[in-house]
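Structural characterization, general
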Amino acid sequence: MEARYILVNGTFRCGTNPNRFTKNLTITLTGSGNGNFFGYGDKYLVVEGGGTLSLHGKARTPWVRLTQTAPQGATTLHLEDHDWKVGDRLVIASTDFRPEQAEEVTIVAKNGNRVTIDQPLEYMHYCGTETYRNRDITECAEVGLLKRNITIRGNANSDNTLLGGHAMFRSGSTIKVEGAEFQRMGQVGRLGRYPVHWHMQRDNGHGQYVRSCAIRNTFNRAITIHGSHGVAAEDNVCYDAEGHAVFFEDGVEQDNRLVGNLVLATRKPAAGEEMLPHDNSLDEPQNRSPAAFWISHPSNVIDGNVAADSFG
């Protein structure tokens, strides 16, 4: 499906839980990013009050960890239990001080939980147990699945303009998304134009979720929760996002669930592209990096997440 924009007032459904969609659906948003249709700009998927978005792709293992170190030059990964297959695209988190050592690879063969990848690793990715103050801590690189069978994406020109698609879920809408991929989403430097964005849902958010999704190669955050309470972002892989990746916008957001998410390779915006000064604090002595998780209210459930790295 190709569309300049999609405005949902009724129901947009592709699969339910437990009746998952098992074929392939790709939605490409083709606008230039410079129009303004119904007040939401251009190149969007917006669900208005009273609308429902129900996307449920195949159930997939969203991310696991290595079970042994993958040395530089390796073409084999030893992984925790997963359901991945030949052809799946993965990202391996950096275990160095340099976040650019995250690497994308494709599975070309599989034997149990050992997979063969399409190219030798450029960097070592560590897995081992370290002891700190008499406590053993296992430290192993995280590996995330980047592909899903339902994809919402900006068109290829988004990489040149940095004006990808954006998805906004308005007050009174109902959002249930599982097993989808958001790619080339978000519009650089533009307020409210985020890849996945609950917008002013207030108490209507309870029971809504975005989970087991891949949100990758984005130009303005990954997940934004704005003025919304009770939503769940769970078991997502957020990779290569610009600015604070998972973001509570106003600091009033409560009763939300951030559980089991993997966030890696969060990029600092270029000067002039930052949404807020603390996305890119070039003028501060600390020269801060953007946050994988920007959490501005204590009354939320934050559990089992991983912030793998962020560009300084």
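In what follows, the accompanying structure is described. Remember, it's a predicted structure, so these values are computed and weren't measured experimentally.

Counted by the stated rule, this structure contains five aromatic pairs. An angle of 20° between the planes, with centres 4.8 Å apart, marks the rings of Tyr5 and Phe37 as stacked. Of this pair, Tyr5 sits in the loop between β1 (2-3) and β2 (6-8) while Phe37 sits in the loop between β4 (25-29) and β5 (44-47); the two residues are 32 residues apart in sequence, bridging distant segments of the chain. By relative accessible area, Tyr5 is classed as partly exposed at 28%. Given the relative accessible area of 26%, Phe37 is considered partly exposed. Among the aromatic side chains, those forming a connected cluster through ring pairs are Tyr5, Phe37, Phe38, Tyr40 and Tyr44. Just above the ring of Tyr209 sits the side chain of Arg211; from NZ or CZ to the centre is 3.7 Å.

Within the element layout of this structure, Asp240 appears in the loop between β24 (237-239) and β25 (246-248). In contact with Asp240, other than residues within four places in its own chain, are Asn217, Thr218, Leu264, Ala265 and Arg267.

As a further point, take the pattern of salt bridges. Between side chains of opposite charge, pairing is possible as soon as their charged atoms come close. With the rule as written, the count across this model stands at 15 salt bridges. Within this structure, Arg20, Glu178 and Arg211 form a network of salt bridges that share partners.

What follows is about the sheet that holds β4. Taken together, the eight strands give an open sheet; going across it, the order is β1-β4-β15-β18-β21-β24-β27-β30, and neighbouring strands pair in parallel fashion. Single-partner strands in this sheet number two, and they are β1 and β30 (306-307). Taken together, the two bridges between β1 and β4 define a ladder with parallel strand orientation. The residue bridging Glu2 from the neighbouring strand is Thr28, located in β4.

Turning our attention to the state of the cysteines. The full count for this structure, using the stated rule, is one disulfide. For Cys127, the disulfide goes to Cys140, at an S-S distance of 2.0 Å. Where Cys127 bonds to Cys140 through sulfur, the torsion about that S-S bond is close to 55°, and the disulfide is right-handed. Of the two residues, Cys127 sits in strand β12 (residues 127-132) while Cys140 sits in strand β13 (residues 135-140), which places them 13 residues apart along the sequence. You can call Cys127 buried: its relative accessible area is 13%. Looking at Cys14, it has no disulfide partner, and the nearest cysteine sulfur is the one in Cys213, 12 Å off.

Conventions we followed
Residues numbered from 1 in each chain as written. Predicted model: local features only at pLDDT ≥ 70, side-chain atom pairs only at ≥ 80, totals over all residues. Heavy atoms only, no water. Phe/Tyr/Trp six-rings, centres within 6.5 Å; stacked < 30°, edge-to-face > 60°. Helix = DSSP H or I, 4+ residues; strand = E, 2+ residues; numbered from the N terminus. Buried < 20%, exposed > 50% of the residue type's maximum accessible area, 1.4 Å probe, protein only. Lys NZ or Arg CZ within 6 Å of the ring centre and 35° of its normal. Contact = heavy atoms within 4.5 Å. Salt bridge = Lys/Arg side-chain N within 4 Å of Asp/Glu carboxyl O. Pairing = 2+ DSSP bridges. Disulfide = S-S within 2.5 Å.

So, to be careful, I would describe these as geometric facts and stop short of saying anything about function.
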